[in-house]
Amino acid sequence: QTELVGVLLAAASNFLISVSLNIQKCAHRRLVCQAEQKPYYMSKLWLCGIVLLGLGEVGNFTAYGFAPIALIAPLGCVSVIGSAFISVFFLKKTMRTADILGGTLTITGIYLLVTFAPSVPQELTAQQVQNYLVSWPFLVYSILEIIIFCILLYFYKRKAVKHIVVLLMMVALLASLTVIAVKAVSSMIAFSVKGKMQLTYSVFYIMIVLMAASCAFQIKFLNQAMHLYEATAVVPINFVFFTTSATISGVVFYREFLSAALLSVFMFLFGCLLSFLGVIIIARNKKEEHLQIPFIDCGHIPGQKLTGKIQPDSHSSCYGTLNKEDDSKKRQS
């Protein structure tokens, strides 16, 4: 029953996030169409989207206190499929066959995830978290993760390699630490609310610092990826990397699937695979939307070779005319 609460909370939170993203996009569209331009943060519609985004993130944080990481992390696909379907109403986009197929695969994957997810006690005390931190599986996992991250960071900094896989792998490695810390903090807060105070232990504040630091660097590399590559490529790859990394960290740190049957593990992994395929199909071949900027099409001018459009500077004194200096030089020649 506790896990069901976590699942419902995570699903509702990710749905709120998808609604908030579409509301923010709708607000930006309206601002572009207005004659008098004003900052986006002054828009009530945009602020409404930010509030929903905050509620969604808080709900996701709380969900980790009720269910395993291996179950909550893959439910991030709800925001992807939710955004694809909600954009039909908010942004008047057309529903594609790929959206329906991807949504069906993702929902099937979610059903398998929920059905065959590991069933482990979710009430974690500060003492249990301390024991997990010094356990040899986590120490080995941490050393391997630090080595891989340092290698990727070397190529990123020294060799200027900014490939999408390099950037998103660093995001995923940091995300594994984030979900470990988030679950620990959320579980200790939930335990304290029930009357057994856990907030006096130093491990609680260590986890808060780890959560904040890993989140900050995670956002940095994710923003870099979004700046260099299309969102249609970043979203599915980041979802696959994040889910895989978070699931592995849950297995290593919190020992999820320790007593699970082989069939349950196989069906859970199959559900993850279906969710991955669904998200990739939804994002595949989806055109990036750019705000339309007016331009002048010169058409075909005999004897002149045109390679594109001309966007004049409306603030220039010679708007709509040839540059006087260039024109005089041509007449002299």
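The coordinates are above.
Residues numbered from 1 in each chain as written. Predicted model: local features only at pLDDT ≥ 70, side-chain atom pairs only at ≥ 80, totals over all residues. Heavy atoms only, no water.

**Section: the packing of helix 1 (residues 2-33) against helix 2 (residues 44-63)**
Part 1: The N-to-C vectors of helix 1 and helix 2 enclose an angle of 160°; their axes lie 7 Å apart at closest approach. Relative to helix 2, the element helix 1 lies roughly antiparallel. Considering how the two elements wind past one another, helix 1 and helix 2 form a crossing that is left-handed.
Part 2: For the contact of helix 1 with helix 2, a count of residues per class yields 15 nonpolar, 11 polar and two charged. (Axes fitted to C-alpha atoms, helices over the stretch in contact; angles between N-to-C directions. Helix = DSSP H or I, 4+ residues; strand = E, 2+ residues; numbered from the N terminus. Parallel < 35°, antiparallel > 145°, perpendicular 65-115°, else oblique. Left-handed = near helix turned anticlockwise from the far one by under 90°. Nonpolar A, V, L, I, M, F, W, Y, C, P; charged D, E, K, R; others polar.)

**A word on a nonpolar patch on the surface**
Part 1: A cluster of nonpolar residues, Ile143, Ile147, Ile151, Tyr154 and Phe155, forms a patch on the protein surface that exposes about 480 Å² of accessible area.
Part 2: As for its position among the elements, Phe155 is in helix 7 (residues 136-157). (Patch = residues over 30% accessible without salt bridge, like charges linked within 9 Å, V, L, I, M, F, W, Y side chains within 5 Å. Areas by Shrake-Rupley, 256 points an atom, 1.4 Å probe, with all protein chains shown as cover. Salt bridge = Lys/Arg side-chain N within 4 Å of Asp/Glu carboxyl O.)

**Overview of the pattern of salt bridges**
Part 1: Enumeration over the complete set of coordinates arrives at one salt bridge.
Part 2: In this structure, Asp99 engages Arg96 in a salt bridge whose closest nitrogen and oxygen atoms are separated by 3.0 Å.
Part 3: According to the relative accessible area criterion, Asp99 is buried, its value standing at 3%. (Buried < 20%, exposed > 50% of the residue type's maximum accessible area, 1.4 Å probe, protein only.)

**Section: unusual backbone geometry**
Part 1: The phi dihedral of Ala160 falls on the positive side, at around 55°, and the residue is not glycine.
Part 2: On the secondary structure map, Ala160 appears in the loop between helix 7 and helix 8 (164-193).
Part 3: Assessed through its relative accessible area of 52%, Ala160 is described here as exposed.
Part 4: Backbone geometry places Arg255, a non-glycine residue, at a positive phi of 60°.

**What about helix 2?**
Part 1: Taking 1.5 Å per residue, 20 residues should reach 28 Å; helix 2 reaches 29 Å between its end C-alpha atoms and fits that length.
Part 2: Burial in helix 2 covers these residues: Trp46, Gly49, Leu52, Gly56, Gly59, Asn60 and Ala63. The buried residues of helix 2 all sit within an arc of 140° when viewed along its axis, so they share a single face. Relative to its buried face, helix 2 has exposed residues pointing more than 90 degrees away, namely Lys44, Val51 and Val58.
Part 3: In this structure, the buried residues of helix 2 make contact with helix 1 and helix 3 (69-72). (Expected span 1.5 Å × (residues − 1). Arc of directions from axis to C-beta. Contact = heavy atoms within 4.5 Å.)

**Brief notes about the side chain of Ser87**
Part 1: Relative to the helices and strands, Ser87 is located in helix 4 (residues 77-90).
Part 2: Here Ala84 takes part through its backbone oxygen, which lies 2.9 Å from a polar atom of the side chain of Ser87. (Polar contact = N/O pair within 3.5 Å; in protein donor to acceptor, adjacent residues only side chain to side chain.)

**Looking at the packing of aromatic side chains**
Part 1: Evaluation of the coordinates by the stated rule reveals 10 aromatic pairs.
Part 2: Geometrically, the ring pair formed by Phe239 and Phe276 is edge-to-face, given 5.7 Å between the ring centres and 85° between the ring planes. Taken as a pair, Phe239 in helix 10 (residues 231-253) and Phe276 in helix 11 (residues 262-283) lie far apart in primary sequence, 37 residues in all. Take Phe239 and Phe276: they sit in the same class, and that class is buried.
Part 3: Three or more aromatic residues link up through ring pairs in this structure, and these residues are Tyr132, Phe138, Phe253 and Tyr254. (Phe/Tyr/Trp six-rings, centres within 6.5 Å; stacked < 30°, edge-to-face > 60°.)

**Some words on the environment of Leu124**
Part 1: Along the polypeptide, Leu124 turns up in the loop between helix 5 (97-116) and helix 6 (126-133).
Part 2: A residue is classified by how much of its surface remains accessible, and Leu124, at 4% relative accessible area, is buried.
Part 3: It is 5.6 Å that separates the C-alpha atoms of Leu124 and Ser187, two residues lying 63 residues apart in sequence.
Part 4: Dropping the residues within four chain positions of it, Leu124 is found in contact with Val129, Tyr132, Lys183, Ser187, Met188, Phe191 and Tyr254.

Nothing here speaks to function; it is all geometry.
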